Amino acid sequence: MTTSAGSTSALSDPVRDGIARGWQVVDAGTLDRDLALDADVAIVGTGAGGGIAGEVLADAGLRVLMVEEGPLKSSSDFRMREADAYRDLYQESAARKTADKSINILQGRCVGGGTTVNWTSSFRTPAATLDHWRSVHGWSPSTTALDPWFARTEERLGMARWSVPPNENNAALARGADALRIHHDVIRRNVRGCWNLGYCGMGCPTNAKQSMLVTTIPHALDRGAVLLTRARATRLVLGRDRVEHLECAAMDASGTAVTARRVTIRARTYISAAGAIGSPALLMRSNAPDPYATLGVRTFLHPTVVSAALMPERVDGFAGAPQTVYSDQFMEGVPAEGPMAFKLEAPPIHPVLAAITLPGHAVAHASWMRRLPNMQVLIALLRDGFHGGSPGGRVRLASDGTPILDYPLTPYLFDGVRRAMTAMAEVQFAAGATSVMPVHDEGDGYATVGAARAAIASFDLRARATTIVSAHVMGGCALGPDPRQSVVDESGRFHFLRNLYVLDGSVFPTSIGANPQLSIYALAAKLATPLADQLRS
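Residues numbered from 1 in each chain as written. Predicted model: local features only at pLDDT ≥ 70, side-chain atom pairs only at ≥ 80, totals over all residues. Heavy atoms only, no water.

Some points on the pairing of strand β14 (residues 304-310)
Each regular strand displays side chains that alternate between the two surfaces of the sheet. What counts here: Under the scheme applied here, a residue whose accessible area is under 20% of the maximum for its type counts as buried, over 50% as exposed, and between as partly exposed, the area being computed with a 1.4 Å probe on protein chains only. Only DSSP runs of H or I covering at least 4 residues are called helices, and only runs of E covering at least 2 are called strands; the numbering of each starts at the N terminus. DSSP bridges decide pairing: two strands pair if at least two such bridges lie between them.
With 7 of 7 residues buried, β14 is to be regarded as a mostly interior element. Of the two faces of β14, the one carrying Thr-304, Val-306, Ala-308 and Leu-310 and the one carrying Val-305, Ser-307 and Ala-309 are both buried. Relative to strand β17 (residues 375-382), β14 runs antiparallel, the two sharing 7 bridges. Pairing of Ser-307 across the sheet is with Leu-378, part of β17. Where β14 and strand β20 (residues 435-438) come together, 4 bridges link them in antiparallel fashion. Bridged to Leu-310 within β20 is Ser-435.

Rendered as C-alpha cells:
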C-alpha cells in the first residue's frame, strides 16, 4: 500500500482534476454500442475491499479494471442534501430492506461504495472476534498477523483518535456513561483536515474523509487502471474450473434500470468486492459451484436499535463529526454463549433520517420532529453470529436476478434488543434527558428511567413493530480452509474456481462486533498483496 501525507485542498476536486489529466473512466450509461474490455485483473465493486485491492494490484504494474454499478460522484457534487445523497449514493435510494421489510439497510452504491458515505468510525477487529473465528470457524487470523496490515491501513487513510471536542450528541453519551461509571472512549476517524461539518453520510464536500474515492482509486487510476461506472456485473461466465469472462449491463441515467448496452470483460483474474449482499448474488447469478450450500448463508447485519431523547439544551446532532464516542460496556467480555452483546454509539441526526426512523404518525410524529434541535440519539449495534440463536440471514435472488436478504428475527435477538433499549434509556437519563423514547411502535416519551424500563419490558418485540436498521453487512461468502463450511479459502480464492477471489466484508464468518471498514481494509490489503506478487511473477 502507498502511504500518503497531507490533505487534499477543500477547494479542489481530485476526481475532476484526475479526469482532466487523462484518467481512463468509462461511463457505461453513455454507451451507444456494446463494449469489450480486457485486463489482467477485473474487480467488481469499488468500496473498502475493491478500492484497496485496486491500489495494491495497480502498484504491482498489473492492468486493473474496476467495475462500479453506481455513478462517479465527487466533492463538487456533494452539497450536504439528504434528498440528493440518498438518491445518488445509496442502494435503492437508501430504502433497501430485508425480505420481510423488518430491517432497513443503508449501503453505498457509488464509486467508493460505503466508504464514500460512511461516518468514518475506524475500529480494529476485536481480539474476541478473532479468537471466536479461530476456535469455532477454523479460520486462523491472529492479532499479531493482522497488526501490520491494520497499522499500514491506518497510516494510509489517516486513522487517528478524534482530538476535537465531541458535538453535544456524542458528549451526552460520554456524560451519561461517566454518571453510570461505565466504559466509554473516543472513536478513531479516517480523516485529514476535517472541517467538522457532520455530513459525512452525504459524501464529504471537502475531501477530508479518506475514502476510496479520494485515496486508493485515484492512486490506481494514476497508474493506468480503468474505471467502468454505471455498469452492473450480471454474471461470470464459467469454464471447467475458471472464469472465462464477465458480463455487465449498462445502467440508465437514474441508475435504477439496465439498458440494452452490454460490456464484456476478459481478464486473467477476477475479484468480487461487491459487498456482502452483492458478492453472493453475483456468484449465484453465475451458477458458481456450491456443492455444500455455503454460498449466501450466514449473512450478518449488526441489527441496530435506536433510542431518542430530549435534552434541556440544544443538541444540534446534525452538526459536528457524526460519531466520536462509543461504549463497549455491553460488548467486552460477553462470551459467545452468553446474551447478545452490543456496542453503543451516537449517530448523526439529520431531518430525513430522523423522520423515517422515528415511530408514530401525524401529531405525535410532528411533535418530536419540531424538537429536532434538542433531540439526542443513541444506537446499539448488536453482535450477531456468535450464538446459535443468531444464525444470520440468507441471500437469494429475485426473478430478475436482483438480491434479496432473508433475515430471521429470533427470540435471542429480541432479548438483546430489549436489553439494549434499556441500557440506552439509562445512559440518556443519566446524561440529563427530560424525556426518552425507545424507538418502537409502542414507544412514547417517558419522563423517568423507571417508566422507560417498565415500558420497554412490556413492548411486544416483533418484526416491523420494532424499528431495526443496519449499515453493516457481513458474511455470505465465508473464508475458511474447509469448503464444506466456507466459500473462499484463506487466500480469498473461491474454493472451486482457480481465478476468482472475493475480497470484501462477505468473507467474515460472523459479524465483527465493531464498525467493519478497517477490518475490510486490512484484510483486503493482506490478501491482495500476495495475489499481486503471484500475478506479477
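Picking up where we left off.
As for the nonpolar core
For clarity, the cut-off: In plain words, nonpolar cores are sets of buried Ala, Val, Leu, Ile, Met, Phe, Trp, Tyr and Cys residues tied together by side-chain atoms within 4.5 Å.
Leu-57 and Ile-271 are the most contacted members of the largest nonpolar core, which has 146 residues in total. At 12 residues, the largest contribution of residues to this core is made by helix α14 (residues 517-536). Core analysis: the next-biggest nonpolar cluster, separate from the first, contains 14 residues, Met-375, Val-377, Ile-379 and Met-437 among them.

Looking at helix α3 (residues 82-89)
Heads up, the condition is: The contact criterion used is simple: two residues touch if any of their non-hydrogen atoms lie within 4.5 Å.
The set of residues buried in α3 consists of Glu-82, Ala-85, Tyr-86, Asp-88 and Leu-89. Looking at the buried side of α3, the elements it contacts are α4 (114-117) and α10 (351-357).

Brief notes about the confidence of the model for the chain
The cut-off we apply is this: pLDDT is a residue-level measure of predictor confidence that goes from 0 to 100.
Here the chain shows a mean pLDDT of 95. Residues at 70 or above account for 98%. Across residues 2-10, where pLDDT falls below 50, the model places 20 contacts with residues more than four positions away in sequence or in other chains.

Section: unusual backbone geometry
For Ala-94, which is not a glycine, the phi torsion comes out positive at approximately 70°. Here Ala-94 is to be found in the loop between α3 and β4 (103-105). Under the relative-accessibility criterion, Ala-94 is labelled buried at 10%. Its identity is not glycine, yet Arg-464 carries a phi of approximately 75°, on the positive side.

Considering the sheet that holds strand β5 (residues 121-122)
Strand pairing in a sheet relies on backbone hydrogen bonds. The paired strands run either parallel or antiparallel. The strand order across the open sheet formed by 3 strands is β5-β8-β6, and the pairing between neighbours is antiparallel. Taken across any chain shown, the strands that pair with only one partner, and hence form the sheet edges, are β5 and β6 (159-161). Two strands pair when backbone bridges link them, and β6 and strand β8 (residues 188-190) are joined in this way by 3 bridges, in the antiparallel orientation. Paired with Ala-160 across the strands is Arg-189, a residue of β8.

Examining the sheet that holds strand β22 (residues 474-475)
Short version of the rule: All axes are obtained by fitting lines to C-alpha atoms, using only the stretch in contact for helices, and the reported angles, taken between N-to-C directions, cover 0 to 180 degrees.
Across the sheet, which stays open at both edges, the 4 strands sit in the order β19-β18-β13-β22 with antiparallel pairing between neighbours. Looking at which strands have only one partner, the edges of the open sheet turn out to be β19 (403-406) and β22. Direction of pairing for strand β13 (residues 297-300) relative to strand β18 (residues 393-397): antiparallel, over a ladder of 2 bridges. Bridge pairing links Thr-299 to Gly-393 in β18. Contacting β13, β18, β19 and β22, helix α9 (residues 275-285) runs over the sheet at an angle of about 45° to β18.

Things to note about the packing of aromatic side chains
Counted only if it meets this: Ring pairs shown here join Phe, Tyr and Trp side chains whose ring centres sit within 6.5 Å, with only the six-membered ring taken for Trp; geometry is labelled stacked below 30 degrees between planes, edge-to-face above 60, and tilted in between. Here, a charge over a ring is recorded when the distance from Lys NZ or Arg CZ to the ring centre is within 6 Å and its angle to the ring normal is within 35 degrees.
As enumerated under the stated definition, the model contains 6 aromatic pairs in all. Measuring from centroid to centroid gives 6.1 Å for Phe-494 and Phe-496, while their planes differ by 75°, and the two rings are edge-to-face. Phe-496 gets classed as partly exposed once you look at its relative accessible area, which sits at 31%. Looking at Lys-343, its charged tip hangs above the ring of Phe-123, at a distance of 4.2 Å from the centre. Taking NZ or CZ as reference, Arg-371 lies 5.5 Å from the ring centre of Trp-368, over its face.

Let's talk about helix α2 (residues 48-59)
Basically, it comes down to this: What a helix is expected to span follows from its residue count: subtract one and scale by 1.5 Å.
The first and last C-alpha atoms of α2 sit 17 Å apart over 12 residues, in line with the 16 Å expected at 1.5 Å per residue. Within α2, 11 of the 12 residues are buried, which leaves it mostly tucked inside the rest of the structure. Buried residues of α2: Ala-48, Gly-49, Gly-50, Gly-51, Ile-52, Ala-53, Gly-54, Glu-55, Val-56, Leu-57 and Ala-58, and no others. Once α2 finishes, Gly-61 follows within two positions and takes phi at roughly 85°, a positive value.

With respect to the pattern of salt bridges
Note the threshold: Just to be clear on terms, a salt bridge is a Lys or Arg side-chain nitrogen sitting within 4 Å of an Asp or Glu carboxyl oxygen.
Going through the model one piece at a time under the given rule, you end up with 35 salt bridges. The closest approach of N and O atoms between Arg-16 and Asp-77, which form a salt bridge, is 3.3 Å. Here Arg-16, found in helix α1 (residues 14-21), pairs with Asp-77, found in the loop between β3 (64-67) and α3; they are 61 residues apart in sequence, far enough to count as distant. Residue classification places Asp-77 among the partly exposed positions, given a relative accessible area of 31%. Where Asp-40 meets Arg-63, a salt bridge forms, and the shortest distance between an N and an O atom there is 3.5 Å. Residue Asp-40 is found in strand β2 (residues 35-44), and its partner Arg-63 is found in the loop between α2 and β3; the two are separated by 23 residues along the sequence. By sharing partners, the salt bridges in this structure join Asp-38, Asp-40, Arg-63 and Arg-268 into a single network.

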